[in-house]
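# Working through the structure, step by step
In case you want the letters, here they are:
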Protein chains: 2
Amino acid sequence: MTGLARSTISLRIDQLLELGLIKAVGEKASSGGRPPSRVALNPTSRIVAAADFGATHAIVAITNVVGDVIVQVRERLDIAEGPEVVLDRLVSLISRLIGESGHSVSDLAAIGIGLPGPVAHETGKPAHPPIMPGWHGFDVPGYVRRSFQVPVLVDNDVNIMALGERETIWPGVDHLMFVKVATGIGAGILSGGKLQRGAQGTAGDIGHVRIPGRDDIMCRCGNKGCLEAVAGGPAVAAGLQRQGLDVHGIEDVIERVRLGDLAAIQAVRQAGRDVGEVLTTCVSLINPSVIVLGGSLAQAGEHLIAGVREVIYASSMPLATEYLTIAQSASGDRAGIIGASLMAVEAALSPERVEAMAELVRA
Amino acid sequence: MTGLARSTISLRIDQLLELGLIKAVGEKASSGGRPPSRVALNPTSRIVAAADFGATHAIVAITNVVGDVIVQVRERLDIAEGPEVVLDRLVSLISRLIGESGHSVSDLAAIGIGLPGPVAHETGKPAHPPIMPGWHGFDVPGYVRRSFQVPVLVDNDVNIMALGERETIWPGVDHLMFVKVATGIGAGILSGGKLQRGAQGTAGDIGHVRIPGRDDIMCRCGNKGCLEAVAGGPAVAAGLQRQGLDVHGIEDVIERVRLGDLAAIQAVRQAGRDVGEVLTTCVSLINPSVIVLGGSLAQAGEHLIAGVREVIYASSMPLATEYLTIAQSASGDRAGIIGASLMAVEAALSPERVEAMAELVRA
């Protein structure tokens, strides 16, 4: 099935067994000749560290190599403090959590990090991230590898959320779009089962698509009428404030929606319609089979998603929406951590990496 | 590099040599041991047939296995006459052209077909194509294979144009979007070097994205204000007609633009702006490095592309457009034929296919 020679496969399996990354799980009945061996990932042998950074918080976890969280911590951490402060804190959290997990640093196979801005995935360097002063071009993997000599993978937070949501809730779905609606708005796109990052790593950056007729609203990017400035959490809160309500942030909006406040419900539904306008074009352009809405504003009940559905189903061609599911994120906070873990595991299990590890063990 | 065993590669190379698909091109100097062999595609041994269907015309060609056209014919053919009439004509044209090419039917390795509507690529069946009555769900490969027992690959015309334009003009560009502006408007998207077809094969179907504020214009799809109804060739012609000009179709529009008619130039430029509005979202969403504008309306000088550029550069984030090239199609009519040929060649050279052909030769 792989097109690889039996000898190549044997060699790689032996390396993985030797490293404890996989284990034998008994033999299959033979149809003649040597009975085929069966192996599976050995979830207890090695660990990876996963980190999911938002604008003002970090979630850091130690997981096994099938993405199960062993220990996890969440704390307030301002990404705007710059890469050195933030990554020093990350390193110290990883060290502490490895201890708590009952493992040692030598069990660590890789580190996966999600950041709230565009990242050039090949190099792991952020690319002009708007809310991350001091991070542009910073060598995140190089800095972290001073403390841990393992592969360090970095990607946009929404991309890893797309990976995590697919893994946990939509296994087997190859065309999935994860849309985060929070302070910022962005999307992670899986097409043909693969994350689409685009030429400069900015694919899915829909927060600054212009919403027609809203040129009265300035965006922090310098343009007018951007989706984020119209439908992001702070914009919704500010709109309610202008109506004289005592609303200071996304949390207040969500609380009011929970209490059934009509003005807040209408504002979130309108934000959903605005997001839906942009997603309608996305549906025509990339033809996903599942759109998942996540981020804090999506947690305000069904109102955001109702607005999104209203516009997409009204404006799309029947063929593009015939098999389209629009769903709320069900993995919650876990999506980011699980996606970051998967990204790290994939790198740790790559043939090049296994070869290098096997050489280290032999040496 | 391939990860394949030397024995596997030898076997496949021997099969390809036996079939005449590749030829030896001398030996490389040895660095000790058996000198490495060098092989190349044998362009003269085998042929493929390529067909590019528009709404009212067909281009059919015989090419060699590196995509060079040997013989080609273009004729008026109404796609709306239905699959049997159109495909019977295709079969008869292929037979005639094979003769003219100096080859025999046994040299034919595969057939590639581009159709002006959505196609489920895996099965080769059109999926609710709006301008192709009778084609929905029709087994195009099965029908053509009654006459030629070779692989028959079918895709949307814009997808094969994207392949052809990349091959001829933008080799090595992995993130390219080909936009056809003619009677209809659609896009073929290459991301990470691969065609993106989406969950139902409708990816790139941007002709029915709604342009805000143009709800006065009915589209043939039943919605209002679709891009195609606002900026497609017939829409531009109709707009000029309403101004009292003697314009009956795209050809008249293009002719007037060539003569410097200001009303026609303004109309084409405005169509470019409308297309640009939709493409701005595409730039944010998929982050291409090259956007190519093709189709008959793009041939009206630089006016369409000027309108597109005006809007994209005014409305996009700097990072997304920093390395973005927006260019006119330079491969012209050839893009479709070359793309269809490449699609066919790729199928003909797949390991499964080579194995099957080798068995036939041995039998």
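So, a few notes on the structure that sits alongside this text. This structure is a prediction, so every number in the text was calculated from the model and none was measured.

### Focus: the interface of chain A and chain B
Facing 46 residues of chain A, the contacting portion of chain B comprises 46 residues. Buried surface at the junction of chain A and chain B, summed over both partners, amounts to about 3,600 Å²; 59% is from carbon and sulfur atoms. For chain A, the biggest contributors to the area lost against chain B are Leu285(A), Met317(A) and Leu319(A); these three give 19% of the whole. Where chain A touches chain B, the interface holds two salt bridges. A salt bridge links Arg210(B) to Glu277(A); the nearest nitrogen and oxygen atoms lie 3.1 Å apart. Our enumeration of links across chain A and chain B arrives at 18 residue pairs in polar contact (both at pLDDT 80 or more). Mapped by element, the contributors of at least two residues to the side of chain A that touches chain B are β11 (185–191), α8 (262–286), α9 (303–315) and α10 (318–321) of chain A.

### With respect to the environment of His248(B)
Residues and elements named next belong to chain B. Position of histidine 248 among the secondary structure elements: in the loop between α6 (233–242) and α7 (250–258). On the accessibility criterion, histidine 248 (60% relative accessible area) is exposed. Spatially, the C-alpha atoms of histidine 248 and alanine 237 are 6.3 Å apart, while their sequence positions differ by 11 residues. For histidine 248, the side chain forms a polar contact with the side chain of aspartate 246, separated by 2.7 Å.

### Description of empty space enclosed by the protein
What the rule picks out here adds up to one cavity of 30 Å³ or more. Considering only enclosed or pocket space, the largest cavity measures out at about 60 Å³ in volume. What lines the largest cavity is simply Ile189(A), Ser191(A), Gln196(A), Arg197(A), Gly198(A), Ala203(A), Ile286(A), Ile189(B), Ser191(B), Gln196(B) and Ile286(B). Counting only elements with at least two residues in the lining of the largest cavity, the list comes to β11 of chain A together with β11 (185–191) of chain B. A breakdown of the residues in the lining of the largest cavity according to their chemical character gives five nonpolar, five polar and one charged.

### Considering helix α11 (residues 334–348) of chain A
Counting along an α-helix, one turn takes 3.6 residues, and residues three or four places apart therefore face a common direction. All names here are of chain A. Under the 1.5 Å per step criterion, the end-to-end length of α11 is 21 Å for 15 residues, consistent within 8% with the ideal 21 Å. Taking burial as the measure, the 15 residues of α11 include 12 buried ones, the bulk of the element. For α11, the set of buried residues is Ala335, Gly336, Ile337, Ile338, Gly339, Ala340, Ser341, Met343, Ala344, Val345, Ala347 and Ala348.

The rules behind these values
- For every chain, the first residue of the written sequence is number 1, and numbering continues from 1 along that sequence.
- Labels follow written order: the first chain is A, the first ligand is 1, and so on.
- A pLDDT threshold of at least 70 governs which residues receive local features in this predicted model, and a stricter bar of 80 or more applies before side-chain atom pairs are shown or counted, although totals over entire chains, interfaces and linings include all residues.
- No hydrogens and no water enter the side-chain calculation; it runs on all heavy atoms of the structure.
- The contact criterion used throughout is that any non-hydrogen atoms of two residues lie within 4.5 Å.
- A 1.4 Å probe defines the accessible area here, and the buried area is the portion of it lost by two parts on being joined, summed over both.
- Throughout this description, the term salt bridge denotes a Lys or Arg side-chain nitrogen within 4 Å of a carboxyl oxygen of Asp or Glu.
- Here a polar contact is taken to be a pair of N or O atoms separated by no more than 3.5 Å, where protein atoms must pair a possible hydrogen donor with a possible acceptor and residues adjacent in sequence count only if both atoms sit in side chains.
- A run of H or I in DSSP counts as a helix once it spans at least four residues, and a run of E counts as a strand once it spans at least two, with each numbered from the N terminus.
- Residue burial is assigned from relative accessible area. The probe radius is 1.4 Å, only protein chains are included, and a residue is buried under 20% of its type maximum, exposed over 50%, and partly exposed in between.
- With a 1 Å grid laid over protein atoms only, a set of points is called a cavity when a 1.4 Å probe fits there but cannot get out and a pocket when it is open yet has protein on both sides within 12 Å along at least five of seven lines; lining residues have an atom within 4 Å of a point.
- Grid points are joined across faces, edges and corners, and a volume is the space filled by probe spheres set on the points.
- For this classification, Asp, Glu, Lys and Arg are treated as charged, while Ala, Val, Leu, Ile, Met, Phe, Trp, Tyr, Cys and Pro are nonpolar and the rest, including Gly, are polar.
- By definition here, a helix of n residues has an expected span of 1.5 Å times n minus one.

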